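# Inside the fold
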Amino acid sequence: MQFSQIDMEMSAVDEKQYPTKHLPEIVLSGRSNVGKSSLINTLLSRKSIARTSSTPGKTQTLNFYNIASKLYFVDVPGYGYAKVSKKQREQFGKIIETYLQTRSEMKGVMLLVDARHTPTEDDFNMYNYLKYYEIDTLVVATKVDKIKRNQRDKQARLIMDKLQLEPEDNLIFFSSETGEGHDDVWQWIQTQSGV
Ligand code: GDP
């Protein structure tokens, strides 16, 4: 899929600031540095639309990217940053929760984890939360170009065990370096959003 027009449309901290266009929305979530901006840029075949995480944890807002007026990617800033105070975390947790629990345009969440590592407690908590609210979730294991082919099964098992993935949840290996997983991720987005 190719989209030519992509805009960072708005940042929102509460419901009044959500877009009003009624386009389907796909959320991207994962700890900082997991490769979220790279994934967005790869999916959109662009060099850098999404900002990279040079100032991690600072802007704790939901960022809506309007993709050719067909759908929004909703970037939920990375969790797991020590710099962010407990209070800030709690506040931002509420922003995410309100969005996930009330937003009818929200069609699914991509949870990004690093293919090289065991998912963190934060990853597990996020996944658990999504399951509890029966939100469709795609787990994307990023930076797969950094692991050897013969380690993939082991890493897949590690990720599935730690997150306690349910059979209906997919795990896709992804690389913004090689483009691996690009088509599968887009297919999931299309299925979820109907675009
Ligand atoms: P974000 O904080 O989640 O948005 O992470 P970024 O997309 O900024 O990526 C963090 C770092 O990981 C950067 O140095 C990227 O170049 C690198 N990176 C991201 N995705 C990949 C990937 O698929 N393969 C490799 N080798 N490096 C990646």
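Up top is the structure.
Below or above, wherever it landed, is the structure these notes cover. (Residues numbered from 1 in each chain as written. Predicted model: local features only at pLDDT ≥ 70, side-chain atom pairs only at ≥ 80, totals over all residues.)

## Focus: the nonpolar core
What counts, and what does not: Note on terminology: a nonpolar core is any set of buried Ala, Val, Leu, Ile, Met, Phe, Trp, Tyr and Cys residues joined through C-beta atoms within 7 Å. Between the buried cut of 20 or more and the exposed cut of 12 or fewer other C-beta atoms within 10 Å of a residue's own C-beta lies the partly exposed class, and all C-beta atoms are placed from the backbone. What counts as a helix is a DSSP run of H or I of at least four residues, what counts as a strand is a run of E of at least two, and both are numbered from the N terminus. Contact between residues is assigned whenever the C-beta positions, reconstructed from backbone atoms, fall within 7 Å.
Ranked by internal contacts, the top residues of the largest apolar core, which has 38 residues, are V74, M110 and V140. The element best represented in this core is strand 5 (residues 106–114), accounting for six residues. Not counting residues up to four positions away in its chain, the partners in contact with V140 are L39, M110, L112, I172, F174 and V185.

## Things to note about helix 4 (residues 152–163)
Our working rule: Expected helix span is computed as 1.5 Å times (number of residues minus one).
Taking 1.5 Å of rise per residue, 12 residues should cover 16 Å, and helix 4 covers 16 Å from first to last C-alpha, within 8% of that figure. Where helix 4 is buried, its residues meet strand 5, helix 3 (121–132), strand 6 (137–142) and strand 7 (170–173). Following helix 4 by one or two positions, Q164 adopts a phi angle in the positive range, close to 55°.

## Section: the environment of K36
Its location among the elements puts K36 in helix 1 (residues 36–43). Considered as a pair, K36 and L100 are 64 residues apart in the sequence and their alpha carbons are 19 Å apart.

## Focus on the pairing of strand 2 (residues 25–30)
Short version of the rule: We call two strands paired when DSSP finds no fewer than two bridges between them.
The buried count for strand 2 comes to six of six residues, which makes it a mostly enclosed element. Alignment of strand 2 against strand 4 (residues 71–75), held across four bridges, turns out to be parallel. Pairing of L28 across the sheet is with D75, part of strand 4. Two elements, strand 2 and strand 5, share six bridges in a ladder whose sense is parallel. Looking at strand 5, one finds that E25 is bridged to M106.

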